[in-house]
Amino acid sequence: MLALSASGAQAQQGAVFDVLDSRGALLGWEGVGRLDLGGGFCSGALISPDTVLTAAHCVYDTDTGTPRDSARMVFRAGYHRGQQIAARRVLRWVVPDRYAALMAAKGRATSAEAVASDVALLRLDSPLSSAEADAFRIHVAADPGTPLSVASYGRGREEVLSRQRDCALTREYQDGILGFDCDVIFGSSGAPVFVREDGRLRILSVVSSITGSGEAYGPSLPALVSGLSARLSRDGSRPPVSAGARRITLGSDRSGMTARFVTP
């Protein structure tokens, strides 16, 4: 779902990835999975036994700007060459109101404001057991220079989980937008950006967009995830958002920080 420029593609080709191409190599990574959307895919990660974290732009059709049908979505935990540790259908999803408003008003979300709210939580039809996959915790904050890693199902390697373990947080922009020099590509949308804390992996952000300079962007998570988790539990019986609903929002693009998405 990410638009990748020529220079970004060249950086991607030069990136070094650990390809987790065996069941043994996947040990500890079962909570990362491929999110099949019924027409494309993204990456995602468990943050509770029945909740998946991904990018908000993954749950919208970027050609039409309409919400994707959750009934067509399947989260495949620990996906590996046509098999998975566990597969769960998605019952419903939620995104921040300001992201939904941008999509409703413009049909596309291509501003820095979109990156700042580019988060979605998905409720699965049944929880995964700890024997199947462990969920990851959200990391509160990190300083520029903090080592990061990204695990995703990128295009060209969508059948196996790959991890780039050598990248870093470069800076924090206004509105909680984080910049990092991790290489990402189509299919990496929504992938968890990890930081290691006391020997354990925590999710700092999710992959939202990339520029021609090779810097990727994602939102700061704690406040967004907390609010969305409450909504997901509270609004479980609420009907899906109508594709025809429109909301008014204020916001403008920030120079040099434009998110560009295309259909996978």
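Quick summary incoming for the structure in this document.

Cut-offs used in this document
- Residues numbered from 1 in each chain as written.
- Predicted model: local features only at pLDDT ≥ 70, side-chain atom pairs only at ≥ 80, totals over all residues.
- Heavy atoms only, no water.
- Disulfide = S-S within 2.5 Å.
- Helix = DSSP H or I, 4+ residues; strand = E, 2+ residues; numbered from the N terminus.
- Buried < 20%, exposed > 50% of the residue type's maximum accessible area, 1.4 Å probe, protein only.
- Salt bridge = Lys/Arg side-chain N within 4 Å of Asp/Glu carboxyl O.
- Pairing = 2+ DSSP bridges.
- Core = buried A, V, L, I, M, F, W, Y, C linked by side-chain atoms within 4.5 Å.
- Axes fitted to C-alpha atoms, helices over the stretch in contact; angles between N-to-C directions.
- Contact = heavy atoms within 4.5 Å.

## Regarding the state of the cysteines
Here is step 1: Applying the stated rule across the entire model yields two disulfides.
Here is step 2: The residue that forms a disulfide with Cys42 is Cys58, at a sulfur-sulfur distance of 2.1 Å. Disulfide Cys42 to Cys58: torsion about the S-S bond roughly -95°, handedness left-handed. With a gap of 16 residues between them, Cys42 in strand E3 (residues 41–48) and Cys58 in the loop between strand E4 (51–54) and strand E5 (74–77) connect regions that are remote in the sequence.
Here is step 3: Relative accessible area serves as the criterion here: at 0%, Cys42 is assigned to the buried category.
Here is step 4: When its relative accessible area of 0% is taken as the criterion, Cys58 is described as buried.

## Side note on the pattern of salt bridges
Here is step 1: Scanning the entire structure with this criterion turns up eight salt bridges.
Here is step 2: Across the pair Glu132 and Arg88 runs a salt bridge, and its minimum N-O distance is 3.2 Å. Within this pair, whereas Glu132 is found in the loop between strand E7 (120–124) and strand E8 (137–138), its partner Arg88 is found in strand E6 (residues 86–94), the two being separated by 44 residues in sequence.
Here is step 3: Note on Arg88: relative accessible area 13%, which makes it buried.
Here is step 4: Measuring nitrogen to oxygen at the nearest pair gives 3.6 Å for the salt bridge that ties Glu215 to Arg171.

## Structural notes on the pairing of strand E12 (residues 192–197)
Here is step 1: Relative to E12, strand E9 (residues 147–152) is paired through two bridges, and the arrangement is antiparallel. The residue bridging Ser149 from the neighbouring strand is Phe194, located in E12.
Here is step 2: Hairpin remark: E12 followed by strand E13 (residues 200–206), antiparallel, with two residues in the connecting loop; positive phi at Asp198, about 50°.

## Examining the nonpolar core
Here is step 1: By size, the foremost hydrophobic cluster in this structure holds 28 residues, and its most contacted members are Val59, Tyr60, Met73, Val95 and Leu122.
Here is step 2: Elements that contribute at least two residues to this core include exactly E3, E5, E6, helix H2 (97–106) and E7.
Here is step 3: One finds Phe41, Val119, Tyr153 and Leu201 within the second-largest nonpolar core, a separate group that totals 25 residues.

## Here we look at the sheet that holds E4
Here is step 1: Pairing within the closed barrel is antiparallel, and its six strands lie in the order E2-E3-E4-E7-E6-E5. On average, adjacent strands in this sheet sit at an angle of 40° to one another, irrespective of strand direction.
Here is step 2: Where strand E2 (residues 32–36) lies against E5, four bridges are found, and the strand directions are antiparallel. Within E5, the residue paired with Asp36 across the bridge is Val74.
Here is step 3: Running over the sheet, helix H4 (residues 222–234) touches E3, E4, E6 and E7 and is turned about 35° from E7.

These figures capture arrangement, not role.
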